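Notes for the structure review
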Amino acid sequence: MKFTDGFWQLRPGVAALYAQEAYDIWQIPDTADGPGLMVTAPTAVIARRGDVLNRPVLTTTLSSPADGVIRVRIAHHTGAPWHGGFALPGAGGSADGVEITPSGGTVRAGLLTARVAAGAPWDLAFEVDGRRVTGSGHKSQGYLRVAADAQVDTGIVGNARAGQRASAAPAYVHEQLDLGVGELVYGLGERFGPLVKNGQTVDIWNADGGTSSEQAYKNVPFYLTNRGYGVLVNDPGHVSFEVGSEAVERVQFSVPGEVLEYFVIAGPTPADVLRRYTALTGRPPVVPAWSYGLWLSTSFTTAYDEATITAFIDEMAARELPVSVFHFDCFWMREFNWCDFEWDARVFPDPDGMLARLHERDLRVCVWINPYIAQRSPLFREAADAGYLVRRADGSIWQWDLWQAGMGLVDFTNPDATAWYQEKLRGLTAQGVDCFKTDFGERIPTDVVWADGSDPQRMHNLYTELYNRAVHDVLVTDRGEGDAVLFARSATAGGQSMPVHWGGDSTSTFTSMAETLRGGLSLAISGFAYWSHDIGGFEGTPDAAVFKRWTAFGLLSSHSRFHGSDSYRVPWAFDEEAVEVTRRFTHLKMRLMPYLHQLGVDAARTGIPLLRPMALEFPDDPAAAYLDRQYMLGPSLLVAPVMSADGEAEFYLPDGEWTSLLSGEHVEGGRWRRETHGFDSLPLYVRPGAVLPWGARHDRPDYDYLEGLELRVFPGGTGTREVVVTTPDGRSEVFEVDLDTPSD
């Protein structure tokens, strides 16, 4: 949200007060994190005693909730209500030292130090390992009043835009943190525009906007930069970021109300920032090995019954195309009844028997759900009478027709409503359903009253956490911790602890394939370890070239799903070459399972994602900073999906001797390459000195990786390397590998 009109003026209808000096600095013992500092910052420099009269102040408190993390809280009126931040399982209080001297005050938390200078001008600096990385300076901390007719855009997007006016939130608090020369900003959730966020306005407000817009399903008010730190704005409500797009030397973030709280998180590397951030907000669990296999879907509006499904599975098996999960999309339930959690008896008269038959074929079963209860569903009246649906201020049930006729919304702030919803899901897990696709969760109204009294603005983004948590907890209880996995669309900060997430509704084009990858890279650097997308695109039907290129990309993602809107995504529907491409890359992924599964085990321990932007893996290589058409799959594999009809790919290889995993060709890095690939190939290079654990089977993802295991050693390294392989049942073995004797 922009408040200024150029460098000198405010926009019409905006009045601003800024922290002008640190008038006094007190040590306080009782912050949420333990000892800290409280700074009184008047909105004018106090030159004489009378200047304190009729003078608003901003009160800034500094403390440390965890090693390498400093909490900053800015308040205009400290007694005003604050709707609260995110759940922070890693917070516990960790300040190494709080000190006040004549020159100012400091809070130290491991490598990170916050230093506020006494007097004027306002100056709050953050140092990592003794080096200043950013700070809050003159006119950075601001309290702004916005008139009802002000010429500002509140930043509310999507279906909740209706009825939103500036007067709905007349007061805002903002902070601005310095951007250095050459400093680049990444993150802020799954965003489909440029990977580097400099120059962008980003509103943290979940919306169902597809992949081809500025809206996002997974908004995360967290960013990191290439200067050794990250920032989390601790507010699940609407947060507006101006990333060098209003004050070009700064990142501005603002929230409505009287209080803004944020955390600065130390690096010094981007990976270090992610480790600390996920330690604070939640690490992902280890997902089951079977989930890495191919997921085959009915697609959305296609006609299907058990005979259709059986025919697909039979044909996949006949063509040696291993499938791990079969997914039933919306129409497993009767139309107009979503959700009633009942199989449509017209096409599935024997669901118990069908699920048993699928399990006999060693398949897992996923079914589509959402948090909406349609008016015609028998569950609507049951939920309404029990008070389980979200209500308006006048006590009536909130309903609309935008997705399903007269649908209501389950109120997950009500523990009884959550338990009721979970009991319906347990009826399905008892039948044999193994996992759920938790669709939607973004279209959450703000003109409602929540059972626990939550601020509706806060619940708009946070609702998805409650929804996905309710479902994930059922799977943990019924399937076990190591066998629980979702296929979720919406998320915010902390959602990484309930994987897997997929990229949402893309179109079936090469352009959409590229934007899908940008979304995945942005989500990864926002702390999400696992990610998938609809191979071939969702809307429309891809031509054969798009499908085949997207298949290679999809099977070199952490999770892989064939899914579409109004057409099937079985490979023979495109051409016979699509079958060959699918076979080649499904078999390759199965061989890579010892490597991929270990990456998941490591992600649960460190928070580092499987799919990694080049800037995350090569932070010291300036050529990697902007790359968003290629990625690292773990530390060892570089993937550059082909996104053109002619098979040409342009990509960058960092320094060293790289090896094509598909052809065995050795290539010197430190340069750009342009290659042309057939449909059965793409640039897939192994990092210099890497050791790839190579599995013995290509027919399934959940085999014993130690049986028949090969350790493939690639040139470019010296000495020894430790390689860990963990099997699906949790057994681990450590290998010491001599890098001086390459096998390729």
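Along each chain, the written sequence defines residue order, and numbers are assigned to residues from 1. In keeping with the predicted nature of the model, local features appear solely for residues at pLDDT of at least 70, side-chain atom pairs appear and are counted solely at 80 or more, and the whole-chain, interface and lining totals rest on all residues. Just so you know, side-chain values use all the structure's heavy atoms and leave hydrogens and water out.

**Concerning the overall build of the protein**
Rules: For the purposes of this entry, the term helix denotes a DSSP run of H or I that reaches at least four residues, the term strand denotes a run of E that reaches at least two, and both are numbered from the N terminus. For the radius of gyration, the atoms used are the C-alpha atoms, and the globule rule reads 2.2 Å times the number of residues raised to 0.38. Relative accessibility under 20% of the residue-type maximum defines a buried residue, over 50% an exposed one, and the middle range a partly exposed one, all with a 1.4 Å probe and only protein chains included. It only takes one pair of heavy atoms within 4.5 Å for two residues to be counted as in contact. We get accessible surface area from the Shrake-Rupley algorithm with a probe of 1.4 Å; when it comes to residues, only the shown protein chains can shield them.
Within the protein, the secondary structure is distributed over eleven helices and 42 strands. What you see for the protein is a C-alpha radius of gyration of 26 Å, in line with the 27 Å of a compact globule of 744 residues. Relative to its full complement of 744 residues, the protein shows a buried share of 62%. Partitioning the intrachain contacts of the protein with sequence separation of at least 6 by distance along the chain shows that 70% fall at a separation of at least 24. Total accessible area computed for the protein in this model is approximately 25,400 Å², and 49% of it derives from carbon and sulfur atoms.

**Some points on empty space enclosed by the protein**
Applied cut-off: Residues are called lining when one of their atoms sits within 4 Å of a cavity or pocket point, these points coming from a 1 Å grid over the protein atoms alone, where a cavity is a set in which a 1.4 Å probe fits but cannot get out and a pocket is an open set with protein on both sides within 12 Å along at least five of seven lines. Grid points are joined across faces, edges and corners, and a volume is the space filled by probe spheres set on the points. For this scheme, ten residues count as nonpolar: Ala, Val, Leu, Ile, Met, Phe, Trp, Tyr, Cys and Pro. Four count as charged, namely Asp, Glu, Lys and Arg, and the remainder, Gly too, count as polar.
This model, assessed by the stated rule, comprises one cavity of 30 Å³ or more. Of the voids in this model, the largest cavity is the one considered here, and its volume is about 30 Å³. Taken together, Gly520, Leu523, Ala524, Phe528, Ala529, Trp531 and Leu611 form the lining of the largest cavity. If you tally residues by element for the lining of the largest cavity, the top one is helix H7 (residues 510-524), at three residues. Partitioning the lining of the largest cavity into residue classes produces six nonpolar, one polar and no charged.

**A word on the layout of surface pockets**
A volume near 610 Å³ is recorded for the largest pocket. Taken together, 27 residues line the largest pocket, and the ones lying closest to its centre are Leu599, Asp602, Arg612, Pro635 and Ser636. If you list the elements that add at least two residues to the lining of the largest pocket, you get helix H1 (270-281), helix H10 (593-606), helix H11 (614-617), strand S39 (691-694) and strand S41 (720-726). The dominant element in the lining of the largest pocket, judged by the number of residues it contributes, is H10, at seven residues. Class assignment for the residues of the lining of the largest pocket results in 15 nonpolar, four polar and eight charged. Looking at the second largest pocket, its volume works out to about 480 Å³. Contributing to the lining of the second largest pocket are 18 residues, with Phe7, Lys139, Gln176, Ala247 and Arg250 lying nearest its centre. Mapped onto the lining of the second largest pocket, the elements with two or more residues apiece are strand S2 (9-10), strand S14 (171-178) and strand S20 (250-256).

**Looking at the pattern of salt bridges**
Convention followed: Here a salt bridge means any side-chain nitrogen of Lys or Arg lying within 4 Å of a carboxyl oxygen belonging to Asp or Glu.
Here the structure, examined in full by the defined rule, presents 46 salt bridges. For aspartate 67, the salt bridge goes to arginine 276, with nearest N and O atoms at 2.8 Å. Of the two residues, aspartate 67 sits in the loop between strand S6 (57-66) and strand S7 (69-75) while arginine 276 sits in helix H1, which places them 209 residues apart along the sequence. Between aspartate 702 and arginine 700 there is a salt bridge whose closest N-O contact spans 2.8 Å. Residue arginine 700 is classed as partly exposed on the basis of its relative accessible area of 22%. Salt bridges linked by common partners bring Asp208, Asp439, Glu442, Arg443, Arg489 and Asp505 together as one network.

**Topic: the UniProt feature "domain: Glycoside hydrolase family 31 TIM barrel" (unreviewed entry) in the protein**
The line we're drawing: UniProt positions are given in the numbering used here, feature names are shortened, and annotations may be inferred rather than shown by experiment.
The UniProt entry lists residues 284-598 under the feature "domain: Glycoside hydrolase family 31 TIM barrel" (unreviewed entry), expressed in the numbering used here. In residues 284-598, the share of helix is 38% and the share of strand is 10%. The end C-alpha atoms are 14 Å apart.

**Re unusual backbone geometry**
Here the amide bond leading from tryptophan 338 into cysteine 339 is cis, since omega sits at -5 degrees, within 30 degrees of zero. If you trace the backbone, cysteine 339 turns up in the loop between strand S23 (325-328) and helix H3 (351-360). Across the junction of proline 499 and valine 500, the peptide omega takes the value 15 degrees, indicating a cis bond. Mapped onto the elements of the fold, valine 500 is located in the loop between strand S28 (486-488) and H7. Even without being a glycine, serine 299 presents a positive backbone phi close to 70 degrees. Position of serine 299 relative to the elements: it lies in the loop between strand S22 (294-297) and helix H2 (306-318). The exposure class of serine 299 is buried, given its relative accessible area of 0%. For phenylalanine 336, which is not glycine, the phi dihedral falls at a positive 70 degrees. Looking at the element boundaries, phenylalanine 336 is found in the loop between S23 and H3.

**Points about the side chain of threonine 659**
Spelled out, the test is: Definition of a polar contact: a pair of N or O atoms within 3.5 Å, with one able to donate and the other able to accept a hydrogen when the atoms are protein atoms, and with sequence-neighbouring residues admitted only if both atoms are side-chain atoms.
Examined against the element boundaries, threonine 659 turns out to sit in strand S35 (residues 657-660). The class for threonine 659 is buried, based on a relative accessible area of 1%. At 3.0 Å, the side chain of threonine 659 and the side chain of histidine 666 are in polar contact. Residues in contact with threonine 659, not counting those within four places in the same chain, are Gly664, Glu665, His666, Leu684, Tyr685, Val686, Phe714 and Pro715.

**Comments concerning the nonpolar core**
Our working rule: Put simply, buried Ala, Val, Leu, Ile, Met, Phe, Trp, Tyr and Cys residues joined by side-chain atoms within 4.5 Å make one nonpolar core. Boundary definitions for the domains trace back to an automatic or database domain assignment.
Counting 164 residues, the largest nonpolar core has Phe328, Trp332, Trp343, Tyr421, Leu556 and Leu661 as the members making the most contacts within it. Broken down by element, the residue count for this core peaks at eight residues, all from helix H6 (residues 456-479). When we break this core down by domain, the ones giving at least three residues each are domain 1 (4-180) and domain 2 (611-738). Once residues within four sequence positions are removed from consideration, leucine 661 is found in contact with Leu588, Leu592, Leu637, Leu684, Val686, Leu692, Trp694, Arg712 and Phe714.

**Points about the sheet that holds S23**
Counted only if it meets this: Paired strands, as defined in this entry, are two strands with at least two bridges between them according to DSSP.
One open sheet accounts for seven strands, arranged S28-S27-S24-S23-S22-S30-S29; its pairing is parallel. Two strands bound the open sheet, and with one partner strand each, they are S28 and strand S29 (534-535). As paired strands, S22 and strand S30 (residues 560-562) are joined by three bridges and run parallel to one another. Looking across to S30, one finds that leucine 294 is bridged to serine 560.

**Notes on the sheet that holds strand S36 (residues 666-668)**
The six strands are arranged S31-S32-S33-S38-S35-S36 in an open sheet whose pairing can be described as antiparallel. At either end of the open sheet lies a strand with only one pairing partner, and these are strand S31 (611-612) and S36.

**Observations concerning the side chain of glutamate 246**
Our working definition: Asp and Glu are treated as the negative residues and Lys and Arg as the positive ones, with His and the ends of the chain left uncounted.
Turning to its location among the elements, glutamate 246 is positioned in the loop between strand S19 (239-243) and S20. At 5.3 Å, arginine 11 is the nearest oppositely charged side chain to glutamate 246, a buried residue that forms no salt bridge. Of the polar contacts made by the side chain of glutamate 246, one reaches the side chain of threonine 4; its length is 2.6 Å. Among residues more than four places away in sequence, those in contact with glutamate 246 are Met1, Lys2, Phe3, Thr4 and Gln252.

**A look at the pairing of strand S4 (residues 24-31)**
The pairing of S4 with strand S5 (residues 34-42) spans six bridges and is classified as antiparallel. The partner of isoleucine 28 across the bridge, within S5, is glycine 36. The turn joining S4 and S5, which pair antiparallel and follow one another in sequence, is formed by two residues.

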